[in-house]
There are 2 protein chains.
Amino acid sequence: MAEAVKLVTDENSFAIRLNGKEVIKHSTENPFLYIGKGTESVDMYRGNFQIDDYVTERTPLKLVSVEKTEAGLDASFSDGHEEVLTLQVLKKEDRVQITFNCKRNHNRIWVRLQSSAEEKVYGGGEQLSYFNMKGQNFPLWTSEPGVGRNKNTYTTWQADVKDKAGGDYYNTNYPQPTFVSSDKYIAHMNTIAYADFDFSNDDFHELHCWEIPESIELIAGDTYAELLRKIKERFGTQPELPDWTYNGIWLGIQGGTDVVERKLQKAERHGIKVGGVWCQDWQGKRVTSFGKRLMWNWIWNEEMYPGLDKKIWEWKEKGIRFLGYINPYVAVEGHLFKEAEEQNYLAKQKDGSTYVVDFGEFYCGVVDFTNPEATEWYKTVIKENLIDFGLDGWMADFGEYLPTDVVLHNEASAMKEHNAWPVRWGEVNRDAIHEAGKQDEIVYFMRAGYTGIQEACPLLWGGDQSVIWEKDDGLASVIPAALSSGMSGCGLHHSDIGGYTSLHGNKREKELLLRWVEMAAFTPVMRTHEGNRPDDCFQFDGDEETLDFFGAFTSIYTHLKPYIKSLVKENTEAGLPVQRPLFVHYEEDETAHDIQYQYLFGKDMLVAPVIDKEAETREVYLPEDNWVHVWSEKEFRGGWITVSAPLGEPPVFYRRGSEHEELFQQIAQVKMNGGRSDA
Amino acid sequence: MAEAVKLVTDENSFAIRLNGKEVIKHSTENPFLYIGKGTESVDMYRGNFQIDDYVTERTPLKLVSVEKTEAGLDASFSDGHEEVLTLQVLKKEDRVQITFNCKRNHNRIWVRLQSSAEEKVYGGGEQLSYFNMKGQNFPLWTSEPGVGRNKNTYTTWQADVKDKAGGDYYNTNYPQPTFVSSDKYIAHMNTIAYADFDFSNDDFHELHCWEIPESIELIAGDTYAELLRKIKERFGTQPELPDWTYNGIWLGIQGGTDVVERKLQKAERHGIKVGGVWCQDWQGKRVTSFGKRLMWNWIWNEEMYPGLDKKIWEWKEKGIRFLGYINPYVAVEGHLFKEAEEQNYLAKQKDGSTYVVDFGEFYCGVVDFTNPEATEWYKTVIKENLIDFGLDGWMADFGEYLPTDVVLHNEASAMKEHNAWPVRWGEVNRDAIHEAGKQDEIVYFMRAGYTGIQEACPLLWGGDQSVIWEKDDGLASVIPAALSSGMSGCGLHHSDIGGYTSLHGNKREKELLLRWVEMAAFTPVMRTHEGNRPDDCFQFDGDEETLDFFGAFTSIYTHLKPYIKSLVKENTEAGLPVQRPLFVHYEEDETAHDIQYQYLFGKDMLVAPVIDKEAETREVYLPEDNWVHVWSEKEFRGGWITVSAPLGEPPVFYRRGSEHEELFQQIAQVKMNGGRSDA
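None of these values were measured; they are calculated from a predicted model. (Residues numbered from 1 in each chain as written. Chains lettered and ligands numbered in written order. Predicted model: local features only at pLDDT ≥ 70, side-chain atom pairs only at ≥ 80, totals over all residues. Heavy atoms only, no water.)

Trainee: So what about the pairing of strand β20 (residues 285-288) of chain B? Which residues, and what values?
Mentor: Residues and elements named next belong to chain B. Only one face of β20 is buried, namely the one carrying R286 and T288, since none of K285 and V287 on the opposite face is buried. When β20 meets strand β21 (residues 291-294), the two strands line up antiparallel, connected through four bridges. By the bridge assignment for β21, T288 is matched with G291. Between β20 and β21, which pair antiparallel and follow one another directly, the connecting turn spans two residues. (Buried < 20%, exposed > 50% of the residue type's maximum accessible area, 1.4 Å probe, protein only. Helix = DSSP H or I, 4+ residues; strand = E, 2+ residues; numbered from the N terminus. Pairing = 2+ DSSP bridges.)

Trainee: Go over a negative patch on the surface with me, naming the residues and quoting the values.
Mentor: Negative charge collects at one region of the surface, where E118, D202, D203 and E590 of chain A lie side by side. Locating D203 of chain A in the fold gives a position in the loop between β15 (195-198) and β16 (204-209). (Patch = residues over 30% accessible without salt bridge, like charges linked within 9 Å, V, L, I, M, F, W, Y side chains within 5 Å. Areas by Shrake-Rupley, 256 points an atom, 1.4 Å probe, with all protein chains shown as cover. Salt bridge = Lys/Arg side-chain N within 4 Å of Asp/Glu carboxyl O. Lys, Arg positive; Asp, Glu negative; His and termini not counted. Charge placed at Lys NZ, Arg CZ, Asp CG, Glu CD.)

Trainee: Break down the pattern of salt bridges for me, citing the residues and quoting the values.
Mentor: Residue and element names in this part refer to chain A. Evaluated as defined, the whole model comprises 112 salt bridges over all chains. Between K6 and E3 there is a salt bridge whose closest N-O contact spans 4.0 Å. For K120, the salt bridge identified is with D594, shortest N-O distance 3.0 Å. Pair noted here: K120 is in the loop between β10 (108-114) and β11 (121-125) and D594 is in the loop between β32 (579-580) and β33 (599-601), with a separation of 474 residues, a long-range link.

Trainee: Summarise the pairing of β15 of chain A; cite the residues concerned and give the values.
Mentor: Residue and element names in this part refer to chain A. Going residue by residue along β15, you find A195 and F197 tucked away on one face and D196 and D198 tucked away on the opposite face as well. Bridge analysis of strand β12 (residues 137-140) against β15 gives four bridges, and the strand direction is antiparallel. In the sheet register, N137 faces β15, and the bridge partner there is D198.

Trainee: Please set out the interface of chain B and chain A residue by residue, giving values where relevant.
Mentor: Residue-level contacts link 19 residues of chain B with 19 residues of chain A. In this assembly, chain B packs against chain A so that about 1600 Å² is buried in total across both faces, 51% of it on carbon and sulfur atoms. For chain B, the biggest contributors to the area lost against chain A are Y54, R58 and W157 of chain B; these three give 35% of the whole. The interface formed by chain B and chain A contains zero salt bridges. Per-element tally for the side of chain B that touches chain A: the top contributor is strand β5 (residues 48-60) of chain B, with seven residues. For the side of chain B that touches chain A, the residue count by class is eight nonpolar, six polar and five charged. (Contact = heavy atoms within 4.5 Å. Buried area = accessible area lost by both parts, 1.4 Å probe. Nonpolar A, V, L, I, M, F, W, Y, C, P; charged D, E, K, R; others polar.)

Trainee: Talk me through the UniProt feature "domain: Glycoside hydrolase family 31 TIM barrel" (unreviewed entry) in chain A; I want residue IDs and the actual numbers.
Mentor: In the UniProt entry, the feature "domain: Glycoside hydrolase family 31 TIM barrel" (unreviewed entry) is given for residues 242-565 of chain A. For residues 242-565 of chain A, helix accounts for 35% and strand for 15%, while the C-alpha atoms at its two ends are 10 Å apart. (UniProt positions renumbered as here; feature names shortened; annotations may be inferred.)

Trainee: Got a sec to walk through unusual backbone geometry? Specific residues and values, please.
Mentor: The phi angle at N19 of chain B is positive, at roughly 50°, despite the residue not being glycine. Inspection of the secondary structure puts N19 of chain B in the loop between β2 (13-18) and β3 (21-26).

Trainee: An account of the sheet that holds strand β32 (residues 605-607) of chain B is requested, with residue identities and associated values reported.
Mentor: All names here are of chain B. The strand order across the open sheet built from six strands is β30-β31-β32-β35-β33-β34, with neighbouring strands paired in antiparallel fashion. Of all the strands in the sheet, just β30 (579-580) and β34 (635-644) have a single pairing partner and so form its edges. Where strand β33 (residues 617-629) lies against β34, nine bridges are found, and the strand directions are antiparallel. Residue pairing for β34: T617 is matched across the bridge by S644.

Trainee: Lay out the packing of aromatic side chains with the relevant residues and their values.
Mentor: The final tally for this structure, using the stated rule, is 119 aromatic pairs over all chains. Plain terms: the ring middles of Y169 of chain B and Y170 of chain B are 5.0 Å apart, the flat faces sit at 90° to each other, and that makes the pair edge-to-face. Residue classification places Y169 of chain B among the buried residues on the basis of a relative accessible area of 16%. Y170 of chain B gets classed as partly exposed once you look at its relative accessible area, which sits at 25%. Through a chain of ring-to-ring contacts, the aromatic side chains of Y130, F138, Y169, Y170, F179, Y185, F197 and F199 of chain A assemble into a single cluster. The ring of Y45 of chain A has K164 of chain A sitting right over it, with the charged end atom 5.4 Å from the ring centre. Positioned above the aromatic ring of W278 of chain A, the side-chain terminus of R527 of chain A is 4.7 Å from the ring centre. (Phe/Tyr/Trp six-rings, centres within 6.5 Å; stacked < 30°, edge-to-face > 60°. Lys NZ or Arg CZ within 6 Å of the ring centre and 35° of its normal.)

Structure representation (structure tokens):
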């Protein structure tokens with residue numbers, strides 16, 4: 001077996017081999033490093049960024065000297081004229097760290113890793129269109145993910161023309177300059193600057209960054225399981241979820257105390273297992289042309305939720321937790337904005353005035369988390385207004401909007417701080433909860449992320465999908481989103497059941513809602529969203545059949561609690577995501593490497609959600625094992641199969657021989673018994 | 001007054017001043033030259049090119065030495081390491097030529113010229129969206145101009161998604177690496193390679209090219225008239241048009257001899273002055289999903305046009321010339337393809353087989369004009385099948401489709417030959433006509449062009465506009481097209497009356513046709529086109545009112561013959577285009593520099609076509625002079641005015657004091673008398 005890491009040098013070249021394969025190879029003819037200068041232009045409109053770069057210089061570097069050292073090797077490079085960069089390779093048993101030291105004022109770098117047409121790469125944070133990233137380039141910049149996300153769709157075109165908001169395949173709330181190669185190594189770039197990982201060439205990857213990064217790390221492993229463990233060790237891990245999260249769905253309800261009460265009663269009558277109610281508008285709402293928006297002044301809105309201070313405890317008694325909503329902005333009309341502005345807690349304009357961001361017909365200040373006092377203050381807001389009030393969870397929304405021209409307390413460039421913002425925001429939530437001693441009770445979920453979000457947020461959600469069937473921005477897209485997040489060290493992922501964005505004529509159909517909930521039963525957390533325009537979206541209580549359907553699938557979810565809990569634990573302890581790519585357990589299976597709309601739900605279940613409208617069957621790929629179809633009890637053994645998949649029978653299989661076999665065998669029966677509680 | 005050209009040098013810098021302004025300035029801090037390496041990727045689909053570049057190196061050059069010479073100056077540049085490029089500046093009284101000599105294998109160059117926010121630049125061949133190019137970059141590559149040409153329009157989006165054919169503001173059949181600056185100089189790059197002139201920066205222009213070009217020429221002048229004369233002298237000129245062209249409109253008719261005869265009679269009854277009939281389908285047609293297409297085997301189709309061999313002379317007797325159609329491709333089904341293939345006259349694939357191009361449900365060979373024998377053969381086809389048969393003109397279509405991966409007889413890269421192809425194609429037509437001694441009788445018109453088209457084609461037409469009101473691809477777009485062509489040395493321009501492309505639900509309305517014909521009466525040539533889907537397009541004989549309308553405006557056109565003829569002569573002799581930007585005669589008028597939807601028709605008329613649907617008035621800018629509105633005889637003096645502009649009364653003015661005043665005064669009356677011949 002090849003050494004995990006080997007450094008090879010001669011006078012004019014050097015190479016770094018991982019598992020016997022050359023990953024870095026520098027020679028005079030084929031330099032692995034280019035540096036240069038560029039000037040970016042950035043235009044933000046409501047979280048959608050138009051980013052252009054004007055590269056005025058790009059120079060392949062020439063090796064001046066290379067020598068082996070005790071730690072690894074040192075190399076020096078010139079631009080042909082003078083020494084411009086040195087690097088130190090620090091070698092450990094299974095990894096190398098390549099540290100750069102740039103001697104000139106360059107602000108662009110391109111680093112080439114060797115590749116082949118057969119190699120596949122995964123991760124990059126949360127990627128919604130391509131799970132295997134080989135073949136495309138991926139700008140890594142936290143932003144709105146876009147509406148439509150495919151320039152060939154009418155949804156995207158309309159979103160672009162009306163709101164500059166169409167996005168593209170690479171737009172994501174959570175990018176991360178890290179990937180896992182099918183050549184069994186992890187590559188990570190230590191930077192928060194804008195980066196673009198280009199996997200579009202057959203024979204090399206080109207990792208581009210808008211600063212000379214601190215370092216690049218390459219970590220070898222024998223198996224995907226080992227690589228995932230190393231990712232966990234390197235980036236930290238999501239803790240286990242509070243036990244109550246498994247008690248049922250988190251119903252997204254808006255409209256006030258009475259509405260919640262009524263809907264809970266209706267849910268109960270239909271046997272819907274409810275773990276929580278999630279009321280975004282607990283702090284009030286406003287109506288804009290986009291749809292219903294929230295008040296963004298983070299305190300109980302007594303007018304809208306009368307008696308909530310009592311109700312919240314009543315519901316908790318019944319096992320139903322109350323979840324709310326917060327984000328890192330404060331609306332100009334609110335008391336928090338006033339307070340923050342007085343205390344100098346908000347990011348500023350160049351002229352010293354408060355920077356207000358347009359969020360679509362309303363304006364907000366940006367809490368400046370580079371100011372320790374502002375951070376303390378915001379934690380206090382969370383502790384006093386959310387935790388002390390009794391909230392057991394919330395959506396910690398946004399994090400990806402930091403404008404690149406704000407003036408920050410720490411005097412750092414906002415162009416650089418931008419990508420770090422989601423983690424700063426996550427940490428504010430985490431630390432507030434820890435300081436309140438509630439880390440085992442409270443859960444919050446985020447869509448934005450970057451390197452480090454693994455420790456800063458216990459649960460991701462897939463962001464704002466459109467309420468459509470399109471692959472790049474609908475039901476289907478949350479599957480690669482979960483898989484790529486998992487390969488990036490975030491194994492706990494979920495999505496808005498039914499999707500969120502109903503714009504440009506897109507309205508949520510009942511069928512889409514049902515297909516989404518039947519998938520969500522096989523994810524760590526089930527949660528609905530009414531959507532930005534609730535009246536344009538079919539809801540969980542839209543009719544009796546739907547209520548029963550929710551009853552059935554939430555019953556399956558709670559039935560699977562012991563299994564799901566064990567998966568969440570495995571994620572925390574071993575870094576194995578709850579929703580896993582097939583290849584994690586079937587390393588040698590080439591087809592498994594190309595599957596992005598199926599997943600293993602732990603080692604023992606395989607889920608192939610129905611992602612097409614009016615589908616009655618689905619093609620499913622089963623890796624080599626004996627798989628039992630949960631609805632028919634029919635057993636299949638590997639390869640492509642076509643299964644019947646009517647509404648209510650998503651293709652779900654369990655692995656023959658699993659220790660949970662008995663639990664799985666009961667799924668069909670649980671579904672039959674689900675629905676109406678009088679069934 | 002400043003010297004026209006001045007070279008300034010010291011040890012580390014040099015500058016070139018034109019009219020006292022620094023146009024080129026090199027210093028260590030601000031180099032004017034960058035060279036590098038790139039690898040392009042080109043994907044052609046039916047004349048629409050997706051072109052991407054991967055620049056791996058870009059290096060600012062450092063001045064090693066500069067010395068004044070008798071001829072001008074010599075300079076040598078390094079990349080910081082070694083000498084990579086020398087240049088010679090050859091200075092003449094009013095101009096400099098900068099010749100490059102590259103010593104390494106670089107294939108990309110960026111040359112910076114000094115600019116200011118106030119400077120304006122014009123030309124660049126035929127530009128349909130921006131007459132003043134300052135503010136945008138312009139890839140210079142002959143191609144289809146696109147359907148819609150604006151990513152914000154639904155037409156463009158559909159064309160992109162269905163046919164990759166939407167295009168953008170810079171797509172044009174006729175690009176040219178030449179511009180005229182409002183700082184009163186001409187810049188031209190001697191290259192046929194792909195180029196991109198970037199005028200998007202306030203303080204510099206960046207002229208980019210995918211080879212190290214032979215040279216750059218800078219020519220100073222005192223006035224626009226002088227610059228236009230110098231353009232004529234530098235690039236050649238279009239000869240005067242045959243006298244018969246002024247006898248009336250060229251009616252685009254398809255369908256065979258009888259149809260032509262019937263339509264001519266109808267036209268005559270309505271007083272339409274007809275100079276020619278233009279029958280594209282004289283050589284047969286085919287029907288595809290795009291619409292009616294032609295046979296592309298260049299010989300009289302007797303079946304479709306029985307008796308044409310006699311009729312053609314009969315019509316000529318009556319003063320009606322017959323025009324046909326040809327392009328540089330031969331359809332695989334035809335006898336010409338067979339003949340050419342046998343003789344090795346067609347461009348080839350790498351494997352030696354004939355390269356066939358997909359033109360949309362039919363396939364053609366590319367006549368290889370780099371093969372002198374093939375060129376001779378094609379001239380013979382033109383002489384025998386077109387000229388000897390009696391044609392007095394034709395559309396010499398295409399020229400912009402040369403695929404970049406064909407193998408040519410001269411072994412040159414098709415990537416380079418691509419831009420040269422329109423001129424090669426023009427020359428085949430020109431030389432065939434000259435060899436037949438018919439240069440005073442025959443006219444052909446082209447849409448494709450490049451540097452040199454001025455001498456290779458006597459008349460441009462604006463290409464295939466959509467039958468719509470959109471600014472970037474409809475009626476309006478042919479005005480900047482004519483103006484920019486004029487600033488590039490092609491002062492004879494016209495367009496398909498009514499537009500051509502009716503796809504994606506666009507159908508030609510009567511109103512559009514009428515607005516187009518009322519504009520065309522004030523251009524060098526009037527010609528209709530039935531469109532790609534004649535049944536979706538309102539035609540000149542669509543109703544009685546329209547026939548009368550054509551009668552009226554063709555009468556105005558023939559009435560203006562002496563004036564128009566004098567303008568055409570002026571174009572040929574002095575390089576002053578027939579349709580002129582206002583600033584050519586009003587140099588000091590700043591507003592005139594921003595007008596792109598009006599033009600001077602010669603010095604003495606000002607035309608402001610109605611370009612908006614259902615408009616009843618139009619805002620018109622009149623430069624400082626006394627202007628008489630031809631329909632009302634009202635006199636205006638300079639500035640912005642609003643004039644009534646109902647159908648049939650396009651805003652047209654003549655200059656008080658013109659020597660043609662009497663002719664102009666009769667226009668309204670001529671229109672009244674026009675229409676029905678019995679009027």
